[in-house]
Amino acid sequence: MKRKAKTITVIAMLTILVPGWLYASGNLPPVFPQNERIIRAINDFWPDLAEVTFQNSRWAFQKLRNAGIEVPYTYNERLLRISQIKKQVVRICDRIITDS
């Protein structure tokens, strides 16, 4: 009887601890689709609606930021900012290469 209880306890601990450890280490594969995939699917299916929604939300968030309220940047705004930074880096590198 004791052996059965120990076996059940070990199996239960492994089924709880291993997925928890994998999740905490970032090695557990995602079960649900990531937000970016959902956003891309919606943008592909309704591009006009997505553009209007993006422009309105960007305008509203900008007004909130101008009022001093800290609002985190949306996924699309971060992508736009990253592309702007990449363009600036390319321009700076081109200037360095051509001036040398």
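One structure accompanies this document, and this report is about it. Remember, predicted model here, so these are calculated numbers, not experimental data. All residue numbers refer to position in the chain's written sequence, counted from 1. For this predicted model, a pLDDT threshold of at least 70 governs which residues receive local features, and a threshold of 80 or more governs which side-chain atom pairs are given and counted, while totals over whole chains, interfaces and linings are taken from all residues. As a rule here, side-chain values come from all non-hydrogen atoms in the structure, and water together with hydrogens is ignored.

## A closer look at the overall build of the protein
- In this description a helix means any DSSP run of H or I spanning at least four residues, a strand means any run of E spanning at least two, and both kinds are numbered starting from the N terminus. When its secondary structure is counted, the protein shows four helices and zero strands.
- Along its sequence from the N terminus, the protein presents helices and strands in the succession α-α-α-α.
- Radius of gyration here uses only the C-alpha atoms, and the compact-globule reference equals 2.2 Å multiplied by the residue count raised to the power 0.38. Radius of gyration (C-alpha) of the protein: 24 Å, far over the 13 Å computed for a compact globule of 100 residues.
- Counting across all 100 residues of the protein, residues that qualify as buried make up 6%.
- Values of accessible area rely on a 1.4 Å probe in the Shrake-Rupley scheme; residue burial ignores everything except the protein chains shown. Here the protein displays about 9300 Å² of accessible surface, and carbon together with sulfur accounts for 65% of that area. Exposure is judged per residue with a 1.4 Å probe applied to protein chains only, and the accessible area is read against the type maximum: over 50% gives exposed, under 20% gives buried, and values in between give partly exposed.

## Some points on the layout of surface pockets
- Here the largest pocket defines a volume of roughly 230 Å³.
- Buried and open spaces are told apart on a 1 Å grid over the protein atoms alone, a cavity being a set of points where a 1.4 Å probe fits but cannot get out and a pocket being an open set with protein on both sides within 12 Å along at least five of seven lines. Residues with an atom within 4 Å of a point are the lining residues. Around the largest pocket, the lining residues are Ile 39, Ile 42, Asn 43, Trp 46, Leu 49, Ala 50, Thr 53, Phe 54, Ser 57, Thr 74, Tyr 75 and Asn 76.
- Contributions of two or more residues to the lining of the largest pocket are made by α2 (35-45), α3 (47-66) and α4 (75-99).
- Ranked by residues supplied to the lining of the largest pocket, first place goes to α3 with five residues.
- Residues that form the lining of the largest pocket fall into these classes: seven nonpolar, five polar and no charged. Grid points are joined across faces, edges and corners, and a volume is the space filled by probe spheres set on the points. Only Asp, Glu, Lys and Arg are considered charged in this grouping, and only Ala, Val, Leu, Ile, Met, Phe, Trp, Tyr, Cys and Pro are considered nonpolar; every other residue, Gly among them, is considered polar.

## Observations regarding the packing of aromatic side chains
- Here is the rule: rings of Phe, Tyr and Trp (six-membered ring for Trp) pair when centre to centre is within 6.5 Å. Planes less than 30 degrees apart are stacked, more than 60 are edge-to-face, and the remainder are tilted. Under the criterion given, the structure shown has one aromatic pair.
- Here Phe 45 and Trp 46 contribute two aromatic rings whose centre-to-centre distance is 4.7 Å and whose plane-to-plane angle is 80°, an arrangement assigned as edge-to-face.
- The exposure class assigned to Phe 45 is exposed, which follows from its relative accessible area of 61%.
- Relative accessible area serves as the criterion here: at 45%, Trp 46 is assigned to the partly exposed category.

## Concerning helix α1 (residues 2-25)
- A helix is expected to span 1.5 Å multiplied by its residue count minus one. The end-to-end C-alpha separation of α1 is 34 Å, in line with the 34 Å expected for 24 residues at 1.5 Å each.
- The buried count for α1 comes to zero of 24 residues, which makes it a mostly uncovered element.

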